[in-house]
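So the chains spell out like this:
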Amino acid sequence: MVWVLLLLLAWAVAGAACTRLCLAAVRAAAVDENAGQGHDLTLYEAAFLSGGPGRVADLTMVSMARQRRLVLAHTGWATVVDPRGRDEMERSVIGAIGPDGQSRIAPARASAAAADAVGGLADRLVRAGLAVPDGARTTVAAGVRQVRVAAVAVLALGAIALLMPATPDMPRNLVALWFALPLALTLSCLAIARVEVHPYSRWASPAGQRLLGALARRTGGPGDDRTYLTSVAVRGIRAVGEPDLRAAFAHREQYGRD
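Residues numbered from 1 in each chain as written. Predicted model: local features only at pLDDT ≥ 70, side-chain atom pairs only at ≥ 80, totals over all residues. Heavy atoms only, no water.

With that out of the way, let us pick up the overall build of the protein chain. In terms of regular secondary structure, the protein chain is built from ten helices and three strands. Scored against the burial criterion, the 258 residues of the protein chain give a buried share of 44%. When contacts within the protein chain are restricted to residue pairs at least 6 apart in sequence, those whose partners lie at least 24 apart make up 71%. Of the roughly 13400 Å² that the protein chain leaves accessible, carbon and sulfur atoms contribute 60%. (Helix = DSSP H or I, 4+ residues; strand = E, 2+ residues; numbered from the N terminus. Buried < 20%, exposed > 50% of the residue type's maximum accessible area, 1.4 Å probe, protein only. Contact = heavy atoms within 4.5 Å. Areas by Shrake-Rupley, 256 points an atom, 1.4 Å probe, with all protein chains shown as cover.)

This is the structure in structure tokens:
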């Protein structure tokens, strides 16, 4: 019977998705709970854990722009005012802009995000247990998405089975009950993941997420420059209040978002 084949397919889809999510959750829980103790996050580290390499490049550009060492025009161009970078991240941004001292923001941002300085920062965070290793990145979040897709697939397969001509030995309500079982599996996995491993992070390990939360609580008053840059590190360009500066970064979409 065709509905049996559809049921087997539904179980295969649901089982594979739920297994992947469970394995990802186990790997995430296996991270050393003591990782990061006594570690004070820098703004670059907070930016990476919150939004990855692109966020580090954004933070560096915003920081330099606030110090008037880099001009970010609302037209999407970056112009270097002070060619002497104060750290390796700033030197990466200046190098990405190029020897002419002027470049479109989007390609400069993409190049700075791929620089060795950001790669070294990522490696240090992974070794400290604060960042998700590159090979395992997005596993929990991707697992949750796959289980959601599986739930929709089970519903679709069940609907197809119910639309097929009924047989005397298998009433439609019993067919629906059989398909309800893999659907219940996917929904229960999503519910457990929501409770046990939420929020899902692409970049930060559980220890890294705890440090990000502590960093947000330690920031100063609303007028403090470090508070402003911390907001940019954690929330991205949407935390920038200046309209011209926000407009400058609006031209980066063709090279990818946070």
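Now, onward.
The pairing of strands in a sheet comes from backbone hydrogen bonds and takes either a parallel or an antiparallel form. Strand order in the open sheet made by the three strands is β1-β2-β3, with antiparallel pairing throughout. Of all the strands in the sheet, the pair left with one neighbour each is β1 (70–72) and β3 (102–104). Each adjacent strand pair in this sheet contributes to an overall mean axis angle of 20°, direction not counted. The strands touched by helix α3 (residues 88–97) are β1, β2 (77–80) and β3; relative to β2, the strand with the most contacts, the crossing angle is about 115°. (Pairing = 2+ DSSP bridges. Axes fitted to C-alpha atoms, helices over the stretch in contact; angles between N-to-C directions.)

Looking now at the pattern of salt bridges. What the rule picks out here adds up to six salt bridges. We note a salt bridge from R66 to E242, for which the minimum N-O separation is 3.3 Å. A residue pair is termed long-range when its members are at least 10 positions apart, and R66 in helix α2 (residues 43–66) and E242 in the loop between α9 (225–235) and α10 (243–249) qualify at 176 residues. The partner of E90 in a salt bridge is R69, and the shortest N-O contact between them spans 2.6 Å. With E90 in helix α3 and R69 in the loop between α2 and β1, this pair connects stretches of sequence that are 21 residues apart. According to the relative accessible area criterion, R69 is buried, its value standing at 4%. (Salt bridge = Lys/Arg side-chain N within 4 Å of Asp/Glu carboxyl O.)

The next thing to look at is the packing of α3 against helix α4 (residues 105–113). When two helices pack together, their arrangement is given by the angle between their axes and by how far apart the axes lie. As a packed pair, α3 and α4 sit with axes 8 Å apart at the nearest point and diverge in direction by 135°. Put simply, α3 runs oblique to α4. Along this stretch, α3 crosses α4, giving a crossing that reads as right-handed. Residues S92, V93, A96 and I97 of α3 touch α4, and the partners they reach there are A108, S111 and A112. Among the residues making up the contact of α3 with α4, the classes are represented as five nonpolar, two polar and no charged. (Parallel < 35°, antiparallel > 145°, perpendicular 65-115°, else oblique. Left-handed = near helix turned anticlockwise from the far one by under 90°. Nonpolar A, V, L, I, M, F, W, Y, C, P; charged D, E, K, R; others polar.)

All quantities given are derived from atomic positions and should not be read as evidence of function.
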